[in-house]
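Descriptive structure summary
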Amino acid sequence: MSDDQSARLGLPYLAAGQMQKHVTLNEALTRLDALVQTTVASRTATVQPADPQDGRLHILPEDAEGSAWSAFSAGDLVRAETGGWLVVEPPEGLLVWVADEAVFVVRDGDGWIPLGARLGEVGPLDRLGVGATADAANPFAAKLNKALWTARDAASGGDGDLRFTLNKETSADVLSLLFQSAYGGRAELGLIGDDDLTLKVSADGVVWRSALGVDRSTARVTFAQGAARRETTVVTSGGAWSPPAWARTVEVVAVGGGGGGGAGAFGPSGARYGGGGGGAGGVSRAVWPAEQLSAGLTVVIGAGGTGGVAAAGTGGGGSGVYLGSTALLSATGGGGGGLGGAASGTAGAGGASVPNSNGGGASSVSTAGAAGKAFDRPDAPGGGGAGGGLDAAGTARVGGAGGDGGVLAVKASGGAAGSASVGAAGAAAPLNLLHWAGGGGGGGGAVTSGAGYAGGAGGGSGAGGGGGGAGVAAGGVGGAGAPGVVWLTAQG
């Protein structure tokens, strides 16, 4: 222990019999004034103030300027006193408030460090606010734009792991993360009133709907509102298509074009058959893993067959889906209806598929033309009805009705048969976002003078056209078949 000054703050002692004791006492008080509840004006100001107030303190930065400051060292604690500056030797651990930064720093060796860097442990605390005021309801409150939690690595004495542990008292209590927008709840994830993991969402913070649940005993996941995503693309003109990134499977339905109806026979006498109805396009289905289709698909759409003009109807074009040059799926077009003649007006065949699609109707001179098929393949487009014929006695027959499309799915009505009139066009599917099959065109009626009536066009996708009715001066023109379609449904 020194006989001249105190051990920690270096306060000078009064000596026995000392003259002018007030000088020593004043020096001690001045030092106390600097070291008790120490506040410095700045630790970054580099220019010595011209006329400082007595007692003003600074921590000098590098390259300080001024008659006194330039002679001191960086990190010195200096005090203004009677027009001059004195260095105050700070003890280790001195806590200093820096006024222009509103921070605390601590003396550490020959320098200064922030208070937070010196604290190895804080707590227990009842409240803590970071950029916000904590209160009884929220004893921890933080107002900030970013936060980072990172594991302590092995080099720093950790093990590289980071695990948050959250605990509640009983199963009936709530342990959750609540996500808000403008302080209104929008999502909550956690153990909400039981021990199963639950995700809930809300549009207004009042009405909540469960979205996901995970049973703690079985790990079974349930989705109260459903989870699968499904998106259908209807391709009617061909082109390129790629599955979306979220898709896991792609379901494809390809429908070939419907065949056109044949033209009716004509002449002044004898048996004259109407044109045959066009067959419906074939239907093919497949389901593929989306990951195998990442290169993209090429889709081809089959055109509808043209109706015959004094000729048989033409067959519909085939639809298909290709991966590069490899055909993944094909749907053949329906056959064209035959040209009416003295002996027949043959039906167009349904497009080949499993089972084959609906065929058209065949003509007759003894009865009405046959209706287009609907039940050969109940989910497929309808075949076209046959045109009405004329028997040798000149009896005019009505055409056949177009076959219904998707008769056991989403039914699209076939066109009405022509009776001394043209055959009606088939209808498209009434709910075209649910099904694709169209109804076949109705066959045109026969006439005893002039030209036979035309057949109706196939409706929607893949339906056959109706055959033209027989006539005297000319046969009725066959109805056109409907073009094909491809539906691509991505599921994920």
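Here the structure is shown first, and the text comes after it.
Reading the values: the criteria
Residues numbered from 1 in each chain as written. Predicted model: local features only at pLDDT ≥ 70, side-chain atom pairs only at ≥ 80, totals over all residues. Heavy atoms only, no water. Helix = DSSP H or I, 4+ residues; strand = E, 2+ residues; numbered from the N terminus. Buried < 20%, exposed > 50% of the residue type's maximum accessible area, 1.4 Å probe, protein only. Contact = heavy atoms within 4.5 Å. Areas by Shrake-Rupley, 256 points an atom, 1.4 Å probe, with all protein chains shown as cover. Pairing = 2+ DSSP bridges. Axes fitted to C-alpha atoms, helices over the stretch in contact; angles between N-to-C directions. Lys, Arg positive; Asp, Glu negative; His and termini not counted. Salt bridge = Lys/Arg side-chain N within 4 Å of Asp/Glu carboxyl O. Polar contact = N/O pair within 3.5 Å; in protein donor to acceptor, adjacent residues only side chain to side chain. 1 Å grid on protein atoms, 1.4 Å probe; cavity = no way out; pocket = protein on both sides within 12 Å on 5 of 7 lines; lining within 4 Å. Points joined across faces, edges and corners; volume = space filled by probe spheres on them. Nonpolar A, V, L, I, M, F, W, Y, C, P; charged D, E, K, R; others polar. Phe/Tyr/Trp six-rings, centres within 6.5 Å; stacked < 30°, edge-to-face > 60°.

Considerations on the overall build of the protein chain
A tally of helices and strands in the protein chain yields 2 helices and 22 strands. With the C-alpha coordinates of the protein chain rotated into their principal frame, the extents come out at 160 × 55 × 40 Å. Going through the 492 residues of the protein chain one by one, you find that 40% of them count as buried. Pairs at least 24 apart in sequence give 53% of the contacts found in the protein chain among residues at least 6 apart. In the structure as shown, the protein chain presents an accessible area of about 25,500 Å², 54% of it carried by carbon and sulfur atoms.

Some thoughts on the sheet that holds strand 14 (residues 221–222)
In sheet architecture, strand pairing relies on hydrogen bonds along the backbone and comes in two forms, parallel and antiparallel. In spatial order, the strands read 10-11-12-13-14; together these 5 strands make up an open sheet with antiparallel pairing. Single-partner strands in this sheet number two, and they are strand 10 (174–181) and strand 14. Sheet topology places strand 11 (residues 184–192) next to strand 12 (residues 197–202); 5 bridges connect them, and they run antiparallel. Note that in strand 12 the partner of Gly-190 across the bridge is Thr-198.

A closer look at the sheet that holds strand 21 (residues 326–331)
Strand order in the open sheet formed by 4 strands is 16-19-20-21, and the pairing between neighbours is antiparallel. Of all the strands in the sheet, just strand 16 (239–241) and strand 21 have a single pairing partner and so form its edges. The sheet shows a mean angle of 25 degrees between the axes of neighbouring strands, direction not considered. Across 5 bridges, strand 20 (residues 319–323) lies against strand 21 in antiparallel orientation. Paired with Ser-319 across the strands is Ala-331, a residue of strand 21.

What about the side chain of Asp-76?
Take Asp-76: it is sitting in the loop between strand 2 (57–59) and strand 3 (77–81). With no salt bridge to any partner, buried Asp-76 finds its closest opposite charge in Arg-107, at an N-O distance of 5.5 Å. Here Ser-73 takes part through its backbone nitrogen, which lies 2.9 Å from a polar atom of the side chain of Asp-76. Other than its neighbours up to four places away in sequence, Asp-76 contacts His-58, Ile-59, Leu-60 and Val-87.

Remarks on the layout of surface pockets
Of the pockets and cavities examined, the largest pocket occupies roughly 300 Å³. Lining the largest pocket are Trp-149, Phe-164, Leu-166, Leu-177, Leu-178 and Phe-179. Of the residues assigned to the lining of the largest pocket, the class counts are 6 nonpolar, no polar and no charged.

A short note on unusual backbone geometry
In this model, Val-354 is joined to Pro-355 through a cis peptide bond whose omega is -5 degrees. Inspection of the secondary structure assignment puts Pro-355 in the loop between strand 21 and strand 22 (485–491). Here Ala-182, not a glycine, exhibits a phi torsion of approximately 55 degrees, which is positive. Relative to the elements of secondary structure, Ala-182 occurs in the loop between strand 10 and strand 11. Residue classification places Ala-182 among the exposed positions, given a relative accessible area of 78%.

Here we look at the packing of aromatic side chains
Going through the model one piece at a time under the given rule, you end up with 3 aromatic pairs. Here the aromatic rings of Trp-69 and Trp-85 are separated by 5.3 Å at their centres, their planes lie at 75 degrees, and the arrangement is edge-to-face. With Trp-69 in the loop between strand 2 and strand 3 and Trp-85 in strand 4 (residues 84–87), this pair connects stretches of sequence that are 16 residues apart. Trp-85 shares its class with Trp-69; the two are buried. Taken together, a centroid distance of 4.8 Å and an interplanar angle of 65 degrees make the contact between Trp-97 and Phe-104 edge-to-face.

Examining the pairing of strand 4
Across 4 bridges, the pairing between strand 3 and strand 4 is antiparallel. Within strand 4, the residue paired with Ala-80 across the bridge is Trp-85. Hairpin remark: strand 3 followed by strand 4, antiparallel, with 2 residues in the connecting loop; positive phi at Thr-82, about 50 degrees.

Describing the environment of Val-477
Among the secondary structure elements, Val-477 is positioned in the loop between strand 21 and strand 22. On the basis of relative accessibility, which here comes to 33%, the residue Val-477 falls in the partly exposed class. Considered as a pair, Val-477 and Gly-308 are 169 residues apart in the sequence and their alpha carbons are 5.8 Å apart. Sequence-distant contacts of Val-477, that is, excluding residues within four places in its chain, are made with Gly-308, Val-309, Ala-454, Gly-455 and Gly-468.

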